[in-house]
Amino acid sequence: MTTNYDIIGKTKHSLDSFTTYLQVFACLALASILVQAPTAIWPQNIAISLVTFILSAYVQIGLALFCLEIYNGKEIDFGIIFSRFNGIKPIVFMGVYVIIILLGLVLLIIPGIILGLMYSQVFYILAENPQVGLIEAFNKSERMMKTNKGQLFSLNLEFLFYIILGVFTFFIWWIWLLPRYSVAIAGFYEELKKEFKG
């Protein structure tokens, strides 16, 4: 499996200028704002919370595809983020994923983290193959992550550490961090996929 250092290094070829970082950051930030805005405006409204959950499910799949394409050297296309607004699969995938994580967290924190890592690839699997079945995607993610959970945990922990440090730069560093690590986490799937095929 390709190391995290090499995966992050490969993002330099895709994110090759400050303008590119800024464009990707703007796309990620705008997608997040559009999803979270209804809940921020009406925080106590259950119907709005449900709408937010549905929107986040579709956007999650779109973001997965968006970051995969950037990692693979394709041009930035904001429209890709909203290209998966069809069918109910994204909602079902997100619902099952959230339930699994919550069950793990109810037992103990660590099982929730392990389950989250184990099934973390389902959104990329669905983004690449909209025809994939629910059980097939979750089983595939479990097999792919069997010996790679530690590496993804390490990548996310590194991301979290730098995000915290970024606060002390008045969030300016986030313009670099969010694109770099969002694309790197998608790149983790891309490299994992190559190993899995092998």
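First, a word on scope: everything that follows refers to the structure included in this document. Predicted, not measured: the structure shown is a model, and the values here were computed from it.

## Quick look at the packing of helix α4 (residues 89-107) against helix α7 (residues 134-144)
- In contact at an axis separation of 11 Å, α4 and α7 are set at 50° when each is read in the N-to-C sense. By the criterion of interaxial angle, the relationship of α4 to α7 is oblique. The element α4 and its partner α7 pack so that their crossing is right-handed. Across from V92, F93, V96, Y97 and I100 in α4, the residues of α7 making contact are L134, A137 and F138.

## Looking at the pattern of salt bridges
- Counted under the stated rule, the structure contains 5 salt bridges.
- One salt bridge connects E128 with K193, and the closest N-O pair in it is separated by 2.8 Å. You can see E128 sitting in helix α6 (residues 122-128) and its partner K193 sitting in helix α9 (residues 174-197), a full 65 residues away along the chain.
- Judged by relative accessible area, which is 37%, E128 ranks as partly exposed.
- Look at K193 and you get buried, because its relative accessible area is 13%.
- Between E190 and K193 there is a salt bridge, with the nearest N and O atoms lying 3.2 Å from each other. Of the two residues, E190 and K193 both sit in helix α9, 3 residues apart, roughly one turn of that helix. There is no split in this pair, since E190 and K193 are both buried.

## Digging into unusual backbone geometry
- If you check the backbone angles, F170 has positive phi at about 60° while not being a glycine.
- Relative to the helices and strands, F170 resides in the loop between α8 (149-167) and α9.
- Phi angles above zero are rare outside glycine, and F171 is one such case at about 70°.
- Mapped onto the secondary structure, F171 falls in the loop between α8 and α9.

## Details of the packing of helix α5 (residues 109-118) against α8
- It is at 10 Å that the axes of α5 and α8 come closest, and there the two elements cross at 100°. Between α5 and α8, the crossing angle belongs to the class labelled roughly perpendicular. From α5, I113, I114, L117 and M118 reach across to α8, where they touch K149, L152 and F153.
- Classifying every residue of the contact of α5 with α8 gives 6 nonpolar, no polar and 1 charged.

## A short note on the packing of aromatic side chains
- Evaluated as defined, the whole model comprises 14 aromatic pairs.
- Each ring, one from F82 and one from F85, has its centre 5.8 Å from the other, and the planes form 40°; the classification is tilted.
- Here the aromatic cluster, defined as three or more aromatic residues joined through ring pairs, consists of F159, F161, Y162, W173, W176 and Y181.

## Here we look at the environment of L55
- In this fold, L55 is placed in helix α3 (residues 46-71).
- By relative accessible area, L55 is classed as partly exposed at 23%.
- Sequence separation between L55 and F85 is 30 residues, and the spatial gap between their C-alpha atoms is 8.5 Å.

Cut-offs used in this document
- Residues numbered from 1 in each chain as written.
- Predicted model: local features only at pLDDT ≥ 70, side-chain atom pairs only at ≥ 80, totals over all residues.
- Heavy atoms only, no water.
- Axes fitted to C-alpha atoms, helices over the stretch in contact; angles between N-to-C directions.
- Helix = DSSP H or I, 4+ residues; strand = E, 2+ residues; numbered from the N terminus.
- Parallel < 35°, antiparallel > 145°, perpendicular 65-115°, else oblique.
- Left-handed = near helix turned anticlockwise from the far one by under 90°.
- Contact = heavy atoms within 4.5 Å.
- Salt bridge = Lys/Arg side-chain N within 4 Å of Asp/Glu carboxyl O.
- Buried < 20%, exposed > 50% of the residue type's maximum accessible area, 1.4 Å probe, protein only.
- Nonpolar A, V, L, I, M, F, W, Y, C, P; charged D, E, K, R; others polar.
- Phe/Tyr/Trp six-rings, centres within 6.5 Å; stacked < 30°, edge-to-face > 60°.

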